[in-house]
2 protein chains.
Amino acid sequence: MMEEEKKHASLGDSKDEYDELDEETLFIVSQTFKALSEPTRIRILHLISDKEFSVNDIAEHLGLLQSTVSHQLRFLKNLRLVKYRREGTTMYYSMDDNHVLDILNQTINHARHH
Amino acid sequence: MMEEEKKHASLGDSKDEYDELDEETLFIVSQTFKALSEPTRIRILHLISDKEFSVNDIAEHLGLLQSTVSHQLRFLKNLRLVKYRREGTTMYYSMDDNHVLDILNQTINHARHH
DNA sequence: TATAAATATGAACATATAATCATATATTAC
DNA sequence: GTAATATATGATTATATGTTCATATTTATA
């Protein structure tokens with residue numbers, strides 16, 4: 001978990017400089033892809049990509065425990081990838097990030113066409 | 001690690017059927033995004049996206065151990081995301097999947113423009 | 001063949017993470 | 001208020017994963 005430290009490339013000489021990834025960008029990018037790197041989360045996102053679903057509906061459609069779905073939805077919610085609305089005691093979840101949805105669909109198609 | 005089993009949705013009634021993700025697609029998609037979900041791998045891919053680099057060059061540019069880089073390159077190599085060529089004892093690595101590179105760049109830009 | 005240089009690999013360790021279980025919270029209806 | 005329903009949450013456990021260290025492998029050269 002510990003890795004060598006490195007001096008920052010001196011900005012100024014713009015010659016062979018390439019655009020370094022700052023820590024924040026790196027974090028956001030890695031978190032975004034991490035959301036898409038788990039079969040369970042992929043299935044949830046894929047399911048709710050067209051229309052909203054309640055937590056229980058997601059669990060039933062995908063054969064998952066309610067608790068599992070709720071945990072994963074929290075993850076996706078924290079990243080603002082999904083949104084939700086309440087109706088009584090029921091929470092309806094749906095997609096909230098078109099860019100990520102695009103990327104997911106692109107990659108699904110890419111994977112299918114072998 | 002064990003989750004409820006579920007009967008397959010009966011194909012045939014095409015009414016509200018949505019395109020289920022088969023296991024293989026799910027695996028490929030998740031693996032692809034997993035490759036992009038780690039800061040170290042992101043930095044490596046981003047570095048070699050324009051031109052080829054040797055293992056040692058990557059390690060030096062990114063402040064990583066040679067061993068760390070080599071392990072991660074094996075990961076990326078197995079997914080055919082990078083290719084390599086030998087020159088003496090030196091191995092030069094470069095990108096080998098434009099789709100994944102596209103997705104990475106898209107997401108980096110998306111993350112940067114806040 | 002012996003040596004050096006570059007890379008790859010296996011084992012060990014620490015950490016991260018997903019699923020599960022039990023339970024808490026929130027909302028509605030009575 | 002109490003009961004019922006839907007969801008959220010904390011703790012636990014098993015597993016997956018990234019880094020490090022030591023060493024093996026590969027290639028070139030003397």
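The structure presented is a predicted model; accordingly, all values stated were derived computationally and were not measured.

(A) Local environment of the relation of the copies chain B and chain A. With an axial shift of 0.0 Å and an RMSD of 0.0 Å, the rotation relating chain B to chain A amounts to 180°. When the rotation and shift are considered jointly, the pair of chain copies conforms to a two-fold rotation axis. Ranked by how close their C-alpha atoms come to the rotation axis, the residues of chain B are headed by B:Phe33, at 2.7 Å. Interface overlap between copies is the fraction of interface residues in one copy that are interface residues in the other; for chain B against chain A it reaches 100%, indicating a shared surface.

(B) Looking closely at unusual backbone geometry. Here A:Arg80, not a glycine, exhibits a phi torsion of approximately 60°, which is positive. One can find A:Arg80 in the loop between helix 4 (66-78) and strand 2 (82-87).

(C) Examining the sheet that holds strand 3 (residues 90-95) of chain B more closely. Judged by pairing direction, the sheet is antiparallel, and its 3 strands sit side by side in the order 1-3-2 (chain B) without closing on themselves. Edge positions in the open sheet fall to strand 1 (53-54) and strand 2 (82-87) of chain B, since each of these has one partner strand only.

(D) Highlighting the interface of chain B and chain A. With 39 residues of chain B at the contact, the number on the chain A side is 40 residues. A buried area of about 4,000 Å², summed over both sides, lies between chain B and chain A, and 64% of it is on carbon and sulfur atoms. At the surface where chain B touches chain A, the tally comes to 2 residue pairs in polar contact (both at pLDDT 80 or more). Among the elements that line the side of chain B that touches chain A, the one with the most residues is helix 5 (residues 98-112) of chain B, at 9 residues. For the side of chain B that touches chain A, the per-class residue count stands at 17 nonpolar, 11 polar and 11 charged.

Criteria and thresholds
- Residues numbered from 1 in each chain as written.
- Chains lettered and ligands numbered in written order.
- Predicted model: local features only at pLDDT ≥ 70, side-chain atom pairs only at ≥ 80, totals over all residues.
- Heavy atoms only, no water.
- Least-squares fit on C-alpha atoms with pLDDT ≥ 70 in both.
- Contact = heavy atoms within 4.5 Å.
- Helix = DSSP H or I, 4+ residues; strand = E, 2+ residues; numbered from the N terminus.
- Pairing = 2+ DSSP bridges.
- Buried area = accessible area lost by both parts, 1.4 Å probe.
- Polar contact = N/O pair within 3.5 Å; in protein donor to acceptor, adjacent residues only side chain to side chain.
- Nonpolar A, V, L, I, M, F, W, Y, C, P; charged D, E, K, R; others polar.

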